[in-house]
Amino acid sequence: MKYLRLAGQAKYASTMRWNKEGEAMEAVERIRKWLEEHEYDGVLLNRRDNYAWVSKGAKSNVVSNSENGVAYYAITRDGIDLLADSSDLHRMDMEQNPLGAAPVLLPWHVSVEEQIRDYIGGRRFASDTGTAGTANIQEELVKLRLRLTEEEVGRYETAGRLCADIVEGVCMDARPGMTENDVADLLRCRCIRHGVSPDCVLAGADERILSYRHPVPTGKKIEDCLMVVLGGEIYGLNTSLTRMVYFAPVPAEIKERYEKTQHIFACMQTMMQDGMSYKEYFEYVKALYAEAGYDGEWKMHHQGGPTGYACREFIPVPGDERIIHEGQAYAWNPTILGTKCEETTYLGSDGIKILSRSSDWPRRTIDTPHGMIEVAEILER
């Protein structure tokens, strides 16, 4: 079966490129350098995260809960094609193709893998899914996309403020008597209204916060306290944050735990250094919990990790030899039962920048051995 290249299709208006073609080509050039170094002729990108990365935010999905999209970017050393079937090729080419790739039709009634094999021919291709017998290089692609450009950081700041505004607005509007589901629905609706995909929505009240690290919302009515968690995506970039609200005086034990969690969180941010291994970093994290009087508490929930085009690009564990680098985003989330601190941050040459923050939420400045940083407080209503 011969694949079909569509010639002469009108491209979408230049305004829909939002002046990103030059920036997007930086990601393409990173890929092309990798292809040359590893002697590949091309790579197929079908995952939503990679499609968003190389296009700086274009969307390739129709089904919201699938990690793969409806189109492939085929990037070679000297060209780019856009592969999709008749249901989506024209729309993707007109609206979600800032790279200006040449459209290639894959008839829906013929095996996609068969057509991709035919498209590749005798060339040596890799992919992010292993389709058609290609080498799956997803881990390599994650390494390539971790370092953010200046434009990506700017978009991340916008995304982070938006997600913080949404979460904090929901927390301020929540009331005792509402259910966790009510809060979660409000959060989802506000995200969707502002173009944010609410990929992870947690809302826990009262004893459920003290029982579960991931309080998936239920019909439980709020009495005294509420924890709201969002993992939201916009522009392809993922923002994670947690906020806590008390409608009654904060119990002394929770206040103490939260202050210790704040300190751990503050140190986790300020002690990051370019070139530090996650192995070394994690030993510091374990020591922080022990110093707080909660030795081993880190085992009860992952501590977060680098973020960007995935909620977590990977989750470091003790002994992890990978390296912390400047120019990357991070979402650390230390937790002591009943409390959690979580933000999305960026490690630049001048230190840590909190991306997921607004000007309205109470914060406390914490002085650590590595520097000072503001950390979100519990909102008392």
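For the structure given in this document, a descriptive report is provided here. (Residues numbered from 1 in each chain as written. Predicted model: local features only at pLDDT ≥ 70, side-chain atom pairs only at ≥ 80, totals over all residues. Heavy atoms only, no water.)

Let us look at the overall build of the chain. Helices and strands together make up the secondary structure of the chain, namely 10 helices and 19 strands. What you see for the chain is a C-alpha radius of gyration of 23 Å, in line with the 21 Å of a compact globule of 381 residues. C-alpha extents for the chain along the principal axes are approximately 70 × 45 × 35 Å. For the chain, the proportion of its 381 residues judged to be buried stands at 56%. For the chain, long-range pairs separated by at least 24 residues make up 63% of all intrachain contacts whose partners lie at least 6 apart in sequence. With the model as given, the accessible surface of the chain reaches about 16300 Å², and the carbon-plus-sulfur share is 49%. Here the chain contributes 45 positive and 59 negative side-chain charges, whose respective centroids are spaced 2 Å apart. (Helix = DSSP H or I, 4+ residues; strand = E, 2+ residues; numbered from the N terminus. Rg over C-alpha atoms; globule rule 2.2 N^0.38 Å. Buried < 20%, exposed > 50% of the residue type's maximum accessible area, 1.4 Å probe, protein only. Contact = heavy atoms within 4.5 Å. Areas by Shrake-Rupley, 256 points an atom, 1.4 Å probe, with all protein chains shown as cover. Lys, Arg positive; Asp, Glu negative; His and termini not counted. Charge placed at Lys NZ, Arg CZ, Asp CG, Glu CD.)

Right, let's talk about the pairing of strand β2 (residues 42-47) for a bit. In terms of burial, β2 is largely enclosed, as 6 of its 6 residues are buried. Residue alternation in β2 divides its side chains into two sets, G42, L44 and N46 and V43, L45 and R47, and both sets are buried. Judged from the 5 bridges that link them, β2 and strand β3 (residues 68-76) form a sheet pairing that is antiparallel. Each bridged residue has a counterpart across the sheet, and for L45 the counterpart in β3 is Y73. (Pairing = 2+ DSSP bridges.)

Another aspect to go through is the sheet that holds strand β19 (residues 379-380). On the basis of which strands lie adjacent, the open sheet formed by 4 strands has the order β8-β9-β10-β19 and mixed pairing. A strand with exactly one partner marks an edge of an open sheet, and here the two such strands are β8 (197-205) and β19. Pairing of strand β10 (residues 237-246) with β19 involves 2 bridges; the strand directions are parallel. Counted as the bridge partner of V245 is L379 from β19. On the sheet, helix α6 (residues 150-173) packs against β9 (225-234), β10 and β19 and is oriented at approximately 25 degrees with respect to β10. (Axes fitted to C-alpha atoms, helices over the stretch in contact; angles between N-to-C directions.)

Attention shifts here to the pattern of salt bridges. Tallied over the entire structure, the rule returns 32 salt bridges. R145 is the partner of E313 in a salt bridge, and the nearest nitrogen-oxygen pair spans 2.6 Å. A residue pair is termed long-range when its members are at least 10 positions apart, and E313 in the loop between β11 (304-307) and β12 (328-332) and R145 in helix α5 (residues 138-145) qualify at 168 residues. In this structure E313 comes out as buried when scored by relative accessible area, which is 10%. R145 gets classed as buried once you look at its relative accessible area, which sits at 1%. For the salt bridge of K260 with E256, the shortest nitrogen-to-oxygen distance reads 3.2 Å. One end of the pair, K260, and the other, E256, are both in helix α9 (residues 252-270), 4 residues apart, so they sit about a helical turn from each other. (Salt bridge = Lys/Arg side-chain N within 4 Å of Asp/Glu carboxyl O.)

Axis separation between α9 and helix α10 (residues 278-291) bottoms out at 10 Å; the angle between their running directions is 160 degrees. The angle between α9 and α10 places the two elements in the roughly antiparallel class. Where α9 crosses over α10, the two elements pack in a sense that is right-handed. For the pair α9 and α10, the contacting residues are I264, C267 and M268 in the first and Y281, V285, L288 and Y289 in the second. Across the contact of α9 with α10, the residue classes tally to 7 nonpolar, no polar and no charged. (Parallel < 35°, antiparallel > 145°, perpendicular 65-115°, else oblique. Left-handed = near helix turned anticlockwise from the far one by under 90°. Nonpolar A, V, L, I, M, F, W, Y, C, P; charged D, E, K, R; others polar.)

A few words now on the nonpolar core. Of all hydrophobic cores here, the largest spans 46 residues; its most connected members are V183, L187 and L230. The set of elements that each furnish at least two residues to this core consists of α6, α7 (180-193), β8, β9, β10, α9 and β18 (371-376). By size, the runner-up hydrophobic cluster in this structure holds 36 residues, among which are I31, V43, L45 and L144. (Core = buried A, V, L, I, M, F, W, Y, C linked by side-chain atoms within 4.5 Å.)

Time to look at the packing of aromatic side chains. Counting across every chain of the model gives 8 aromatic pairs. Aromatic side chains W34 and Y40 sit 5.5 Å apart centroid to centroid with 20 degrees between the ring planes, which places their arrangement in the stacked category. Per residue, the accessibility class of W34 equals that of Y40, and both read buried. Counting every residue linked through ring pairs, the aromatic cluster contains Y278, Y281, F314, Y330 and W332. Cation over ring: R243 sits above W361, and NZ or CZ is 5.9 Å from the ring centre. (Phe/Tyr/Trp six-rings, centres within 6.5 Å; stacked < 30°, edge-to-face > 60°. Lys NZ or Arg CZ within 6 Å of the ring centre and 35° of its normal.)

Bringing the packing of helix α2 (residues 48-55) against α5 into the picture now. Look at α2 against α5: their axes get within 11 Å of each other, and the N-to-C directions meet at 35 degrees. You can see that α2 and α5 cross each other, and the crossing is left-handed. Where α2 approaches α5, its residues D49, N50 and W53 are matched on the opposing element by Q138, L141, L144 and R145.

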